[in-house]
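Notes for the structure review
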Amino acid sequence: MFQRVHAHWRALPATARLYVTAASVAGALLAALGGGTWWMLERAYATSVQLAYSEVDAASQRLSDRVQRLFDQLNQTASLVKHYQESGGGADLVAMEKNGLLVPAGRLSMALADQTGQVLGMTEAQGAVPAGAKHVADRQHFQGSWTRTDLAIAQPVYSDVLKRWLVPGGKQLQHPNGKFAGAVLLAFDAALLTEGFTVNDSPGNAVGVVGADGIFRSRRSDDRQSAGDQVDGDQIVRAVDRTDRSMKPAASAIDGIVRFRSVTPIPGHDLYAVVAVPASTSMAGYYALRTKTLATAAFGALLILFMTWVLSRQSLRLRRTVMQKEQAELRVYHEKEMLEVTLRSIVDGVATTNHLGRITYLNPAAEAMTGWPAAQAIGKPVSEVICLTHTHTRERLGLGLNEFARPGAQPRPARDSVLVQRDGAHRSIEDSAAPILNRNGMAVGAVLVLHDVSPAKKLAAEMSYQASHDLLTGLLNRAAFEVRLDAAITTQDLDETGVVMFLDLDQFKVVNDTCGHVAGDQLLKQVTALLMQEIRKQDTLARLGGDEFAVLLEACPMEPALRVAEAMRRRISELQFSWEGRSFQLTVSVGVVPFKAHQYTRSDLLRVADSSCYVAKEAGRNRVHVYDEADTAVATRNDELDWYSRLQKALTEDRFVLYAQRIASIQEGAGGHESVEVLIRLRDDEGKIVAPIAFIPAAERYGLMPQIDRWVISKALAMHAGFARHSTLPARFSINLSGASMADPTLVDFVREQLAIHRVSPELICFEITETAAVASFDVAVQMINRLRELGCRFALDDFGAGMSSFTYLKRLPVDYVKIDGAFVKDMAKDAVDFAMVEAIHNVAHRMGLRTVAEFVQNDVTIEMLRGLGVDYVQGYGVEKPRPLDDATRSEPPPSFVKPMALPKLMAA
Ligand SMILES: Nc1nc2c(ncn2[C@@H]2O[C@H](COP(=O)(O)OP(=O)(O)OP(=O)(O)O)[C@@H](O)[C@H]2O)c(=O)[nH]1
């Protein structure tokens, strides 16, 4: 519980806590003040009441004594009269009054009555017996004497004659035998009981004598004298007991004044002396004290509240000041911590010195860089710990701290330098320094920052190396070679000759394909090592990429350059590369181009060198081709390079057009499968149509064939519906696929997608692949053919017979048609060997269940011969020249080449 309260308390904001505390303290002080005041007033009140009661008690006692004495006097007077009367002579009351025997004289009247109440005599003064009365037997004071032998006091009566209150009394007369013989009657002035009796000088005091019957025999308040007033007799009797007095004064039943009252019995009588003092008088001191005390307490309370308020404000201010101070201290602490942590965690070395140039601080990085532990370095001269030298000259460098002694000294900017570590090792750094200024701007020390630049320098060197080198062989890369070449072209002396060589390994792919790239890499490294042996120090050997290398021989005449080229070629051809039990004989094709300063641009020079290398390859590989200005082979090759950019343009600008050439049936029953071969043409900038023979080799060499094939497929299928609708030619398309496309695994999906888009039935499409393309990657081609045939397409093996091992492959290729190479067909009418080849191909194909197509059919004689051989279809200028695919305006049906009767074989055997 306490913990919960404590927790809540702690959770309160400090200001709230302060207010609560102040309010609590103020409350406690006010409570103490209030309690003390109340207690004090209570006590003062009790004391005052006590005093008031003491005063009235003493007074009532005095009054009782006085009345007692009066009664004794009256009793003696009555006894004297009684004595005279009983002694037989009879009492002469008049004489006795005259003789002054009746005391108190003048205030007392007396009478005598016999036992029947018959008045026997009286004093002259009226009162003891009512005027004119002869009998007093019914009077209370007479009756009172029957039962009492001492003086009996009766209730007061008002005397109309005397015009005042009288108190009657009686005393028994006895016969000598003791029997009742009558009474001595008296009446005295009621004022005698109280007159002249004073309590104190204050007004409002009341004194009186009252009977147990509650009737005042006499009462006086200030000057007002009265008798017969009636009060509660029981109350009077109870008031005699002072042990249980009310602390509060009561209001008088007679005049309503609130007084402290004291009642004292008058012995021998049922009478009581009553003295009452007004509370206003007896408690005046108390009331004055109370007023003062309350005023003081109120002032005290106000003082407490004021002091609390003042103290709270002061505390708040103090607290705020303390908090601000604490926060400021905390901030300073945090900043110091941060600074410390920062200095500890930064990678730069930081050292500080005092005004004497002695070390006062080293951060961990500075410790590591200098080799000095901070504990040992502190106090040492800074130049002993931080020893700097010039980056190049290695001369000792000053730290420049003396400069800071000048007023207004500025920080020293960073400079490259070398830090000599404690163990003598060197480290490249950037060092800077700044003064530590005091409030007056005077330098009281310095801070030195050491920035380690060796990793950055190393990284920069690495990056520069990577940017300019081939990581596999460590040779310069293409970019770096080009830079060198640029320099050579522009700076070489005009009469000097430079030589650029392009080297491309022959059939390097075979090594990769059979042994993997790791082996290929290894071989490239070995080749690099061999080539390096053939060049001079000033020459440049670079790997341009793949298996292509380049050499720049600056200021090198052709003769030695050719020797280098030949030596390189020979070295490579002598290399016997072995890998996991296999061994390879490698060769290289080299293109050599001499150049003079500014003779070529860099790109022209590289292109010519590349083309020369290509020509060497085309010429049978493993040779060196030297370029000269009249080199047509290189020019052709350059044309190809031109073609490359033109083809790319054609693809993006949609400059290709499709032609169709009829493949006509010459056998009865085969007509249903007649078709057209879709052929590609290019429209040049002048709108002339360019034959594929001009650009397909370049497209093949530069890897553009897959793109071109896709363009043809997509375009042909898009045009299929229109062609079918308008042309009289059969709407079966034969579309050529290049070897590169055959190796593209995504082609099947593409074909499927295009067939679906253009809603062409796959059976209407036949793909033609050349024997050479199919054989180049046989397994891949077979896979591709199977997948496209699964779609429903057909396949034709194009240019069959041109390859070397045709029949072997034919057996394993899943094709539907064999297109006999035009080279055999063209002259078969004149050349018996060609005829035999055509016949053989046809026979083998037919045996395998394949249909045959003869290409390059130029005349009817050939058609007839082919028909005679049983060849199914013919294609060529003799049948129909190719025409634009969208030229469907033919009105007549195409001529039929089917003859009902086959000719006898003309040149069989
Ligand atoms: N191991 C290896 N092979 C590479 C690297 N870069 C390219 N190649 C391969 O090198 C071969 C280059 O082949 P080509 O130059 O096109 O053909 P080739 O087999 O050398 O035949 P020709 O040049 O026509 O004589 C390709 O198979 C590439 O995959 C390489 O860094 N490491």
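In the nomenclature of an unreviewed UniProt entry, the protein corresponds to EAL domain-containing protein from the organism Piscinibacter gummiphilus.

All right, on to unusual backbone geometry then. Cis geometry is adopted by the peptide bond preceding P104, which originates at V103 and carries an omega value of 0°. Within the secondary structure, P104 is located in the loop between α3 (93–98) and β1 (108–114).

With that settled, consider the sheet that holds strand β17 (residues 412–420). Across the sheet, 7 strands lie side by side as β14-β13-β19-β18-β17-β15-β16; this open sheet has antiparallel pairing. Two strands close off the open sheet at either side, each with one partner strand: β14 (359–362) and β16 (396–397). As judged from the 7 bridges shared by β17 and strand β18 (residues 426–437), these two strands associate in the antiparallel manner. From the neighbouring strand, D416 faces β18, where its bridge partner is E430.

What follows deals with the nonpolar core. The tendency in soluble globular proteins is for nonpolar side chains to be buried side by side. The biggest cluster of nonpolar side chains holds 76 residues, and the ones touching the most others in it are F656, I708, F767 and L866. Look past the residues within four positions of L866 in its chain and what remains in contact with it is I666, Q667, V825, M828, V838, A854, V857, V871 and V874. Grouped together as the second largest cluster of nonpolar side chains are 47 residues, A44, L151, A181 and F188 included.

Contact pair helix α14 (residues 517–532) / helix α15 (residues 558–574): the axes reach a minimum separation of 9 Å and the direction vectors enclose 145°. The element α14 and its partner α15 pack so that their crossing is right-handed. Every residue of α15 that contacts α14 at V527, L530 and L531 is listed here: M568, R571 and I572. Considered class by class, the residues forming the contact of α14 with α15 number 5 nonpolar, no polar and 1 charged.

Right, let's talk about the packing of aromatic side chains for a bit. Overall, the coordinates contain 17 aromatic pairs when judged by the stated rule. Ring centres of F142 and W146 lie 5.8 Å apart, and the angle between their planes is 85°; on these two criteria the pair is classed as edge-to-face. In this pair, F142 and W146 both sit in helix α4 (residues 140–147), 4 residues apart, roughly one turn of the helix. Lying over the aromatic face of W372, R422 brings its terminal NZ or CZ to 3.8 Å of the ring centre. Above the ring of Y659, the side-chain terminus of R681 is found at 5.1 Å from the ring centroid.

About the cut-offs
- Residues numbered from 1 in each chain as written.
- Predicted model: local features only at pLDDT ≥ 70, side-chain atom pairs only at ≥ 80, totals over all residues.
- Heavy atoms only, no water.
- Helix = DSSP H or I, 4+ residues; strand = E, 2+ residues; numbered from the N terminus.
- Pairing = 2+ DSSP bridges.
- Core = buried A, V, L, I, M, F, W, Y, C linked by side-chain atoms within 4.5 Å.
- Buried < 20%, exposed > 50% of the residue type's maximum accessible area, 1.4 Å probe, protein only.
- Contact = heavy atoms within 4.5 Å.
- Axes fitted to C-alpha atoms, helices over the stretch in contact; angles between N-to-C directions.
- Left-handed = near helix turned anticlockwise from the far one by under 90°.
- Nonpolar A, V, L, I, M, F, W, Y, C, P; charged D, E, K, R; others polar.
- Phe/Tyr/Trp six-rings, centres within 6.5 Å; stacked < 30°, edge-to-face > 60°.
- Lys NZ or Arg CZ within 6 Å of the ring centre and 35° of its normal.

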